[in-house]
Amino acid sequence: MDQHQLTNDHLTIETRALGASLNRMIAHTPTGDVDLVLGHADDADRPTSTYYLGEVVGPVANRIAGGRFTLDGVEHRLVPNDRGNTLHGGPAGFSTRYWTLEDATTTSTTWSLAWADPSGAHPGELEASITYTLHGTDLIHTITVTSDRPTLAAPCLHPYLNLAGQGTIEDHVLSVAADAVLFTDESQIPQGDPVDVSGTPFDLRRGVRLGDVLDSPHPQMTPVAGFDHAFVLQPSSGPAATLTDTASGRRLDLWTDQPSLQVFTGVGLSGDTPGLTGTPYPDRGGVALEAQMLPNAANRPDFGRVRIDPEHPSRSTTRWRVTV
Ligand code: GAL
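Nothing here was measured: the structure is a model prediction, and the numbers come from that model. (Residues numbered from 1 in each chain as written. Predicted model: local features only at pLDDT ≥ 70, side-chain atom pairs only at ≥ 80, totals over all residues. Heavy atoms only, no water.)

1. Quick word on the site of the ligand
We count it as follows: We call a residue near a molecule or strand as soon as one heavy atom of that residue lies within 4 Å of the molecule or strand. A 3.5 Å cut-off defines polar contacts: any pair of N or O atoms within that distance qualifies, except that in protein one atom must be a possible hydrogen donor and the other a possible acceptor, and neighbouring residues in sequence count only when both atoms are side-chain atoms. We get accessible surface area from the Shrake-Rupley algorithm with a probe of 1.4 Å; when it comes to residues, only the shown protein chains can shield them. Note on residue categories: nonpolar means Ala, Val, Leu, Ile, Met, Phe, Trp, Tyr, Cys or Pro, charged means Asp, Glu, Lys or Arg, and polar means any other residue, Gly included.
Contacts to the ligand come from 13 residues, most closely from Thr50, Arg63, His88, Asp228 and Glu290. With respect to the ligand, the side chain of Gln262 contributes an N or O atom lying 3.3 Å from an oxygen atom. Its free accessible area being 300 Å², the ligand has 93% of it covered by the protein chains. Of the residues assigned to the shell around the ligand, the class counts are five nonpolar, five polar and three charged.

In structure tokens, the structure reads:
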């Protein structure tokens, strides 16, 4: 089975075996159907894309500095795929595999994957799964990883939102419940401690129209023409993030049990492989909201635990609520 659809009165989602991707999320609105996430019309465009549209990335999302980490005193050297670092599981990560449809009901789809690193560098035989559940206006996704021995695992879903269904996200307002953000070096590895967002363009706590901030001359923003940063989430009962398309009023609220949200505003998307409409998306054609562990936690014990072992698997849940 290469794809599966779930549908209710509010939403239809299409997930695909390749990368267990959330390839389409369609809102049924009073004025018709609108695609809310970026995807590919043809799976053949995924292997050469460098944007991970809607894919499950892992075993460890985001960057591992130098592609190296030490576990129980042994150094492991992964295959790098991003300026000397290992990004989103490297060249043979979860997103490159065809997952198996494990279970499907009228409200949920579960894809599973048995994964071992072909280079032999990442320890363990891993079993990953993602369950997508539709519940009214909500999409909930839970990702789990188990392993036969101690290893690292901290995958995430890598969806790009555009609630207008077309164009760029410049007319979207984004709020993120984060008092701090991680600043990065030239190869995008976080440096130092989280930085207070107060008085910077990274202060999204009260909501900012993206078009008003993305061209900021802030030295952290110019290299990526916007955001490509991990926001450190405040534990709160409210949403971790809210995205609103100002023209239509469509809104997406996100809750997660993960400690950070990588916000990537889609620089360079226009050079990528074709999307759902058969042509590449424009630059800033979507904003990736990636609920995950902190980047490079593999080498930063102060960033939280990404180690798992047979008794302590990894499990994370994120909920999206769509209001049309
Ligand atoms: C993001 C990452 C970006 C870029 C993007 C995919 O998660 O932070 O630097 O690699 O994925 O192209």
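Let's pick the thread back up.
2. Thoughts on the pattern of salt bridges
Just so we agree on the cut-off: When a carboxyl oxygen of Asp or Glu is within 4 Å of a side-chain nitrogen of Lys or Arg, the pair counts as a salt bridge. By definition, any uninterrupted DSSP run of H or I lasting at least four residues is a helix, any uninterrupted run of E lasting at least two residues is a strand, and each is numbered from the N terminus. A simple rule labels every residue: compare its accessible area, found with a 1.4 Å probe on the protein chains alone, to the largest value its type can have, and call it buried under 20%, exposed over 50%, or partly exposed in between.
One pass over the structure, following the stated rule, counts 23 salt bridges. With its nearest N and O atoms 2.8 Å apart, the salt bridge here joins Arg284 to Asp215. Of the two residues, Arg284 is situated in the loop between strand 24 (260-264) and strand 25 (287-292) and Asp215 in the loop between helix 1 (210-213) and strand 21 (228-233); the sequence distance between them amounts to 69 residues. Under the relative-accessibility criterion, Asp215 is labelled exposed at 60%.

3. A short note on the sheet that holds strand 1 (residues 3-7)
The strands that make up a sheet are held in pairs by hydrogen bonds between backbone atoms, and each pair lies either parallel or antiparallel. Rule in force here: When DSSP finds at least two bridges between two strands, those strands are taken to pair. Lines fitted to C-alpha atoms define the axes, with helix axes restricted to the stretch in contact, and inter-axis angles between N-to-C directions lie between 0 and 180 degrees.
An order of 1-2-3-4 is seen for the four strands of this open sheet, with the pairing classed as antiparallel. Two strands bound the open sheet, and with one partner strand each, they are strand 1 and strand 4 (32-35). Neighbour-to-neighbour, the strand axes of this sheet turn through a mean angle of 20°, independent of strand direction. Bridge analysis of strand 3 (residues 21-29) against strand 4 gives four bridges, and the strand direction is antiparallel. Paired with Thr29 across the strands is Gly32, a residue of strand 4.

4. Some thoughts on the packing of aromatic side chains
The following threshold applies: Each pair of aromatic rings taken from Phe, Tyr and Trp, with Trp reduced to its six-membered ring, is defined by centres within 6.5 Å and is described as stacked if the planes are under 30 degrees apart, edge-to-face if over 60, and tilted in the remaining cases. Whether a charge lies above a ring is judged from NZ of Lys or CZ of Arg, which has to be within 6 Å of the ring centre and within 35 degrees of the ring normal.
On inspection of all chains with the given rule, the structure shows eight aromatic pairs. An angle of 75° between the planes, with centres 5.5 Å apart, marks the rings of Phe94 and Trp115 as edge-to-face. With a gap of 21 residues between them, Phe94 in the loop between strand 9 (86-87) and strand 10 (100-104) and Trp115 in strand 11 (residues 108-115) connect regions that are remote in the sequence. Each member of the pair, Phe94 together with Trp115, is buried. Aromatic rings pair up to connect Phe183, Phe202, Phe227 and Phe231 into one cluster. A cation over an aromatic ring shows up here: Arg300 above the ring of Phe303, its NZ or CZ 4.0 Å from the ring centre.

5. Side note on a negative patch on the surface
Test applied: Residues form patches when they are more than 30% accessible in relative terms and have no salt bridge. Like charges link within 9 Å. Nonpolar side chains (Val, Leu, Ile, Met, Phe, Trp, Tyr) link within 5 Å. Think of it this way: Lys and Arg go in the positive column, Asp and Glu in the negative one, and His and the chain ends go nowhere. Here the site of a charge means NZ on Lys, CZ on Arg, CG on Asp, or CD on Glu.
Judged by side-chain charge, Glu102, Asp103, Glu125 and Glu127 come together as a negatively charged surface patch. Inspection of the secondary structure assignment puts Asp103 in strand 10. With a relative accessible area of 44%, Asp103 lands in the partly exposed category.

6. Regarding unusual backbone geometry
Glycine aside, a negative phi is what most residues show, and trans is what most peptide bonds show. Each neighbour pair has its own omega, and for Gly58 with Pro59 the value is 15°, a cis peptide bond. With respect to the element layout, Pro59 can be found in the loop between strand 5 (55-57) and strand 6 (63-64). You will see that Ala20, though not glycine, has its phi angle at about 50°, which is positive. Relative to the helices and strands, Ala20 is located in the loop between strand 2 (11-16) and strand 3. If you check the backbone angles, Asn62 has positive phi at about 70° while not being a glycine. Here Asn62 is to be found in the loop between strand 5 and strand 6. For Asn62, a relative accessible area of 2% puts it in the buried group.

7. Observations concerning the sheet that holds strand 17 (residues 172-176)
Pairing is antiparallel across the open sheet formed by nine strands, whose spatial order is 10-11-12-13-27-23-22-17-20. One side of each edge strand has no neighbouring strand; the edge strands of this open sheet are strand 10 and strand 20 (208-209). As paired strands, strand 11 and strand 12 (residues 126-135) are joined by eight bridges and run antiparallel to one another. The residue bridging Ser112 from the neighbouring strand is Ser129, located in strand 12.

8. A look at the side chain of Arg63
Note the threshold: Contacts were defined at the residue level, with two residues in contact if any of their heavy atoms lie within 4.5 Å.
Structurally, Arg63 can be placed in strand 6. Since its relative accessible area comes to 7%, Arg63 is described here as buried. Here the side chain of Arg63 touches Asp82 through a polar contact of 2.7 Å, side chain to side chain. If near-sequence neighbours (up to four positions away) are discounted, Arg63 is found in contact with Asp82, Arg83, Asn85, Thr86, Leu87, Ser187, Gln188, Ile189, Asp228, Pro295 and Asn296.

9. Quick word on the environment of Ala27
Tracing the chain through its elements places Ala27 in strand 3. Sequence-wise, Ala27 and Thr7 are 20 residues apart; in three dimensions their C-alpha atoms are separated by 9.9 Å. Contacts of Ala27, omitting those with residues within four sequence positions, involve His10, Leu11, Gly32, Asp33, Val34, Leu36, Val322 and Val324.

10. Topic: the pairing of strand 11
Successive side chains on a regular strand alternate, one facing one side of the sheet and the next facing the other. Burial of strand 11 is extensive: seven of the eight residues sit out of reach of the surface. Pairing analysis gives four bridges linking strand 10 to strand 11, with the strands arranged antiparallel. If you follow Ala104 over to strand 11, its bridge partner there is Thr109.

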